[in-house]
Amino acid sequence: MKGFRNAEGKPILLAMVKAIQDNKAYLGEVDGLIGDGDHGMNMNKGFTMFGQRIADRAVSFTQGLDELGTLLFTEIGGSMGPIYGTVFTDMAEAGEDSDIITLEVLASMLAAGLDGLYDIVDARVGDKTLVDTLFPAKDALAQAAVEGKSLAAALEDMKAAALIGRDSTKDMVAKFGRSSRLGERSRGVLDAGATSCYIILTAMADGILALKGA
Amino acid sequence: MKGFRNAEGKPILLAMVKAIQDNKAYLGEVDGLIGDGDHGMNMNKGFTMFGQRIADRAVSFTQGLDELGTLLFTEIGGSMGPIYGTVFTDMAEAGEDSDIITLEVLASMLAAGLDGLYDIVDARVGDKTLVDTLFPAKDALAQAAVEGKSLAAALEDMKAAALIGRDSTKDMVAKFGRSSRLGERSRGVLDAGATSCYIILTAMADGILALKGA
Amino acid sequence: MQRILNHPDQVVDEMLKGFVKTHSDIVATTDNPRVIKGANLPADQVGIVTGGGSGHKPAFVGYVGENLCDAVAVGEIFSSPTAVAFLDAFRAADRGKGVACLYGNYSGDNMNVKMAVKMAKKEGIQVKTVVANDDVPSAPKDQLNKRRGVAGEVLMWKVGGAKAATGASLDEVIAAAQKAIDNTRSVGIGLTPCTLPAVGHPNFSIEEGTMEVGIGHHGEPGIEVCPLETAAQMAQRMVDVVVPDLPFASGDEVVVLLSGLGATPVMELYVLYDEVDRLLTEKGIGIHRSYVGDYFTSLEMMGATLTVMKLDSELKELVDMPCYSMGLKQK
Amino acid sequence: MQRILNHPDQVVDEMLKGFVKTHSDIVATTDNPRVIKGANLPADQVGIVTGGGSGHKPAFVGYVGENLCDAVAVGEIFSSPTAVAFLDAFRAADRGKGVACLYGNYSGDNMNVKMAVKMAKKEGIQVKTVVANDDVPSAPKDQLNKRRGVAGEVLMWKVGGAKAATGASLDEVIAAAQKAIDNTRSVGIGLTPCTLPAVGHPNFSIEEGTMEVGIGHHGEPGIEVCPLETAAQMAQRMVDVVVPDLPFASGDEVVVLLSGLGATPVMELYVLYDEVDRLLTEKGIGIHRSYVGDYFTSLEMMGATLTVMKLDSELKELVDMPCYSMGLKQK
Ligand SMILES: Nc1ncnc2c1ncn2[C@@H]1O[C@H](COP(=O)(O)OP(=O)(O)O)[C@@H](O)[C@H]1O
Ligand SMILES: Nc1ncnc2c1ncn2[C@@H]1O[C@H](COP(=O)(O)OP(=O)(O)O)[C@@H](O)[C@H]1O
Ligand SMILES: [Mg+2]
Ligand SMILES: [Mg+2]
Ligand SMILES: [Mg+2]
Ligand SMILES: [Mg+2]
């Protein structure tokens, strides 16, 4: 597996939508523990709207990411509008000229998403946010590319790294966002954004892996 | 037992206070079923205030009834202020000139209380109110007097009649007060006022019976 | 019971102390701690008095103010004020032109007002009354005099207070307030019960997933328990109770008052109002003005009451008059 | 969930429709369905904008009105409005003298406002911001910039709106609003949780018989869970958090705002206020004005927030200026 046709990437987007829908209640619960409980609801509303808008249309992977990011940014708001809005639109921009999304392209897309995020938030690894998932995931893809791994193997690496990253937030004390006021009381539970980011990246990876002939 | 000294009637009043206090929650529940649930609370507040006011004072039976009625009327309000206020002050007025409260006096007191009540409410027997308790209780005393029964025997008759009266409200459809809008839905539960009236009359009777040497 | 209280038996007195401190620009105390009057009663007007049990904030004391009520008698929670309190309210409000006592149809209030009116008469204070009976589900139409007064009382006070402010006579004020309530119909839907502080637990229950249609302001059972509906369906149900009863008809102009029962988020009242507005508009009924919010509550019950009043030119003018109280401010 | 809803995802849009119908004398729609503006914006004034998540009625949209906010961006429940909504609110409020965006310190709002300010700049609209951070328990005093904005925002809007009404420049308005919030401290106590309509069950719990001290406006955990106290004890606890933090001292004149969190009966807020008033008075702190009621809520949570603002002569004058919105009317 060298890559997949950008133009044929719609099933990946649909897999991402379904994963968020399936986890709406779970994300709400995670956010409820130390946040305000709306993370599942907001993500579900945005992703579901996106799923409906592309339902009867052909969209490429990067077109879809751009639309999703723009929708979150312009219509959903919250913290997720700017955050995932930036991540997805910047990923899309980095990949939009590629007909084939290879491992290298995907790695550069994730790097661009994280870069964009760094422009708008001060959170870095260790601050108990979605950065703790996104950063190691990006690194895993980049590392796999250096090592010349197949896209499929790289995606497995990414999922594993994202999982470790997500789980690492459990022992952290939140420094940004709603939970940051809790200090020590924020320890012991996952971060909501790190959790949704893991769900999205996993669905994306599995969506790519499921593409016929990819 | 021919009667008791009016001047020594304070224990009767205290028994009435205690009976209401003990039944505060129960009266609230009864009123809650088809009324607004405040009957126990209002009665308890009024009777408790009364109990505190006479705690360190000598009062005769009729003085106490007058004070209790006035207190309910001027400080408690609700439906019970005018209703029990009238019943107790009119009872007091009918008995205040008697040093010894005989069966005849007590019967005339209860009759006066009911008469006073009839002046301010339109409810009669069968309308699912405290009249359904008070009316047969008054009748039982009057009947016992005609039959020349002892006060003790008459009080037992009164208790039995009041109980039957109270229970009769269970099958009635309310025509006055809060529950009257319920129509058929008011059937099947006791009336709150009929219940408190039974409690008061029973405590009064038992209080009289318990008077040493009465 | 997750409530903010000291001793439950003192809640009304403590509430009044806080109320008077907060609203000293609007209200003043009287010699009777259970009677609150307006801070500045204009001379030479008919006095407007109301009174009722507590637990209905802003009612009743929240409607003392400019062009509204002049004095209010305050009872225990869900319990009529004493006759003495009503009498003292009459005394506080009377400025020689008589007093209009505008209150709700509950047997305790009826008895206490009746006695107070008698006592006032002896003192030479002339009192006339209007008894609100706007709650449709509380009795059939041929027994109007059995119906409870609910949130329609707010509109009755608005009209009565405004009429008094025009300098009208006692009979004119009474006539206007009577016309207001005669043209007003209400219905409530209860979603959760309420807990009297001195009782400590709800004294009735509404099953999760159901609603009590026609519930009273004290949690008195309604006419029907049915499965919980959408806002649109609730609106339909309320409109179907209220509209045919007066009846309101195409071409009528009305005031709509949609009050929460206490704990329903005000956001949801606007959702419900949007549906009510649509339904009335579809029937050709013109909404001259609407009030949405917590205007007449039942402690921490969830649910809402819909009140509709049909206007003529006099009522319209009176409803539109400015007023200023804790519960209702309008310019 | 005993609530009045159609589809939970539509609740904000439906609420806004009902709100605009009810308050057409005060507010107007804009091209952006999530932006509401004042019905009659006086020419030649600095525009006052705020915005935030829904579920806090009257906040935020209830503070659009005369001498208060000129335009508001409306978010989903408990969720920041979009940057585009903030931008559209700036556009609606700008009358050539610039816009003061006065909002609360939440990371979503911070990000969206920041982006909107950038976009506005490109269009030639000058926007300056004040970020409310009055909630004492949300961070230690050496991390003021981490503290949440809570009910103190109402006083910030009051002051900012009044300053703009005097014809002041943008910098003057910003300075006044900043001074207002810098002199304001708040604390909340939660007694019951709340349920987001789209979630359908409470996302946190408060054990019966306990209370959450320092709770956030979205149910964010506080600093301490302790046994439920009397009103007097709660007041003491709140005063003990708020007073030493600024600190407020003997001789200070203050405004007190005591807001319910949604479902607490307003009666109980007055009971609590009576205790707070007593405690502050005992400390020699003079209460110039107080607001008691549901000013900034969290859906159907029970509990209350205490907010105290220290006045100087400018703030006093601005607080006393008349205003007219759904949530705050004062003459
Ligand atoms: N300032 C921030 N920097 C980085 N991530 C943040 C920041 N604020 C919030 N997040 C992320 O957003 C998640 C919460 O998202 P969500 O619940 O949708 O928004 P909100 O916190 O506004 O309710 C957090 O778990 C965290 O991962
Ligand atoms: N109009 C009336 N005539 C006779 N009895 C009445 C009337 N109204 C109420 N009652 C009596 O009062 C009782 C209720 O008392 P209470 O609960 O204290 O007052 P409220 O109904 O005002 O809450 C009823 O059960 C009934 O016996
Ligand atoms: Mg959240
Ligand atoms: Mg009762
Ligand atoms: Mg009652
Ligand atoms: Mg949120």
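Residues numbered from 1 in each chain as written. Chains lettered and ligands numbered in written order. Predicted model: local features only at pLDDT ≥ 70, side-chain atom pairs only at ≥ 80, totals over all residues. Heavy atoms only, no water.

## Quick notes on a negative patch on the surface
- Judged by side-chain charge, Asp66, Glu93, Glu96, Asp97 and Asp99 of chain A come together as a negatively charged surface patch.
- When you line up the elements, aspartate 97 of chain A lands in the loop between helix 5 (80-95) and strand 2 (100-102). (Patch = residues over 30% accessible without salt bridge, like charges linked within 9 Å, V, L, I, M, F, W, Y side chains within 5 Å. Areas by Shrake-Rupley, 256 points an atom, 1.4 Å probe, with all protein chains shown as cover. Salt bridge = Lys/Arg side-chain N within 4 Å of Asp/Glu carboxyl O. Lys, Arg positive; Asp, Glu negative; His and termini not counted. Charge placed at Lys NZ, Arg CZ, Asp CG, Glu CD. Helix = DSSP H or I, 4+ residues; strand = E, 2+ residues; numbered from the N terminus.)

## Considerations on the relation of the copies chain C and chain D
- For the match of chain C to chain D, the screw axis carries a shift of 0.0 Å, the RMSD comes to 0.0 Å, and the turn is 180 degrees. The transformation relating the two chain copies, once decomposed into turn and shift, fits a two-fold axis. Across chain C, the rotation axis passes nearest the C-alpha of alanine 263 of chain C, at a separation of 2.0 Å. (Least-squares fit on C-alpha atoms with pLDDT ≥ 70 in both.)

## So, the environment of threonine 305 of chain D
- Checked against the element boundaries, threonine 305 of chain D lands in strand 13 (residues 302-310).
- Here the alpha-carbon distance between threonine 305 of chain D and arginine 95 of chain D, two residues 210 residues apart in the chain, equals 35 Å.

## Focus: unusual backbone geometry
- In the segment running from lysine 57 of chain C into proline 58 of chain C, the intervening peptide bond is cis, with an omega of 0 degrees.
- As for its placement among the helices and strands, proline 58 of chain C is situated in the loop between strand 3 (47-54) and strand 4 (65-66).
- Of note, phenylalanine 78 of chain D is a non-glycine position whose phi angle comes to about 60 degrees, a positive value.
- Among the structural elements, phenylalanine 78 of chain D can be located in the loop between strand 5 (71-77) and helix 2 (83-93).

## Some words on the interface of chain C and chain D
- Across the contact, 60 residues belong to chain C and 60 residues belong to chain D.
- Taking both partners together, chain C and chain D bury about 5,000 Å²; carbon and sulfur atoms supply 59% of that area.
- Put simply, chain C and chain D have 10 salt bridges between them.
- Across the chain C-chain D interface, the total number found is 30 residue pairs in polar contact (both at pLDDT 80 or more).
- Counting only elements with at least two residues in the side of chain C that touches chain D, the list comes to helix 1 (11-22), strand 8 (184-192), helix 6 (231-245), helix 7 (266-282), strand 12 (286-293), strand 13 (302-310) and strand 15 (329-330) of chain C.
- Ranked by residues supplied to the side of chain C that touches chain D, first place goes to helix 7 of chain C with 11 residues.
- Residue classes in the side of chain C that touches chain D are distributed as 27 nonpolar, 15 polar and 18 charged. (Contact = heavy atoms within 4.5 Å. Buried area = accessible area lost by both parts, 1.4 Å probe. Polar contact = N/O pair within 3.5 Å; in protein donor to acceptor, adjacent residues only side chain to side chain. Nonpolar A, V, L, I, M, F, W, Y, C, P; charged D, E, K, R; others polar.)

## Considering the coordination of the magnesium ion (ligand 6)
- Protein coordination at the magnesium ion (ligand 6) comes from Asp36 of chain A (OD), Asp38 of chain A (OD) and Phe78 of chain D (O), with a distance range of 2.1 to 2.2 Å.
- Between the magnesium ion (ligand 6) and the magnesium ion (ligand 3), a spacing of 3.5 Å is present, and a bridge between the two is formed by aspartate 36 of chain A. Taken together, the residues aspartate 36 of chain A in the loop between helix 2 (24-34) and helix 3 (39-54) and phenylalanine 78 of chain D in the loop between strand 5 and helix 2 connect one chain to another.
- When its relative accessible area of 1% is taken as the criterion, aspartate 36 of chain A is described as buried.
- Residue classification places phenylalanine 78 of chain D among the buried residues on the basis of a relative accessible area of 1%. (Donors = N, O, S within 2.8 Å, 3.2 Å for Na, K, Ca; no water. Buried < 20%, exposed > 50% of the residue type's maximum accessible area, 1.4 Å probe, protein only.)

## What to know about the pattern of salt bridges
All names here are of chain B.
- Going through the model one piece at a time under the given rule, you end up with 72 salt bridges over all chains.
- The salt bridge partner of aspartate 206 is lysine 159, with a shortest N-O separation of 2.6 Å. With aspartate 206 in helix 9 (residues 192-210) and lysine 159 in helix 8 (residues 151-168), this residue pair connects regions lying 47 residues apart in the sequence.
- We classify lysine 159 as buried; its relative accessible area is 17%.

## Section: the domain arrangement of chain C
Residue and element names in this part refer to chain C.
- For chain C, the assigned domains are domain 1 (11-183) and domain 2 (184-311).
- One C-alpha centre belongs to domain 1, the other to domain 2; they are set 23 Å apart.
- Domain 1 puts 31 residues into the contact, and the matching count from domain 2 is 33 residues.
- Summed over both partners, the interface of domain 1 with domain 2 buries about 2,600 Å², with 63% contributed by carbon and sulfur atoms.
- In terms of surface lost to domain 2, no three residues of domain 1 exceed Phe78, Leu155 and Asn183, which account for 24% of the buried area on that side.
- One salt bridge in this structure joins aspartate 245 and arginine 147, with 2.8 Å as the shortest N-O distance.
- Where domain 1 packs against domain 2, one counts 15 residue pairs in polar contact (both at pLDDT 80 or more). (Domains from an automatic or database assignment.)

## A short note on helix 8 (residues 151-168) of chain A
- Compared with an ideal rise of 1.5 Å per residue, which puts 18 residues at 26 Å, helix 8 of chain A spans 25 Å between its outermost C-alpha atoms and is within 8% of the ideal.
- Among the structural elements, strand 1 (3-5), strand 2, helix 6 (103-120), helix 7 (131-146) and helix 9 (192-210) of chain A are those in contact with the buried residues of helix 8 of chain A. (Expected span 1.5 Å × (residues − 1).)

## Some words on the site of ligand 1
- As a structural note, the neighbourhood of ligand 1 is formed by 18 residues, with Asp38, His39, Ser79 and Asp191 of chain A together with Ser107 of chain D the closest of them.
- The environment around ligand 1 is built from residues contributed by chains A and D.
- Histidine 39 of chain A is positioned with one of its side-chain polar atoms (N or O) 2.8 Å from an oxygen atom of ligand 1.
- Contributions of two or more residues to the shell around ligand 1 are made by helix 5 and helix 9 of chain A.
- Residues belonging to the shell around ligand 1 are distributed by class as follows: 7 nonpolar, 6 polar and 5 charged. (Near = heavy atom within 4 Å.)

## A word on helix 2 (residues 24-34) of chain B
- Among all positions of helix 2 of chain B, only Leu27, Gly28, Val30, Asp31, Gly32 and Ile34 of chain B are buried.
- The secondary structure elements touched by the buried residues of helix 2 of chain B are helix 1 (10-22), helix 3 (39-54) and helix 9 of chain B.

## As for the site of ligand 2
- As a structural note, the neighbourhood of ligand 2 is formed by 18 residues, with Asp38, His39, Ser79 and Asp191 of chain B together with Ser107 of chain C the closest of them.
- Chains contributing residues near ligand 2 are chains B and C.
- The side chain of aspartate 38 of chain B places a nitrogen or oxygen atom 2.9 Å from an oxygen atom of ligand 2.
- Here an oxygen atom of ligand 2 sits 2.8 Å away from a polar atom, N or O, in the side chain of histidine 39 of chain B.
- Coverage of ligand 2 by the protein chains reaches 94% of its 560 Å² of free accessible surface.
- Sorting the residues of the shell around ligand 2 by element identifies helix 5 (80-95) and helix 9 of chain B as the ones contributing at least two each.
- Residues that form the shell around ligand 2 fall into these classes: 7 nonpolar, 6 polar and 5 charged.

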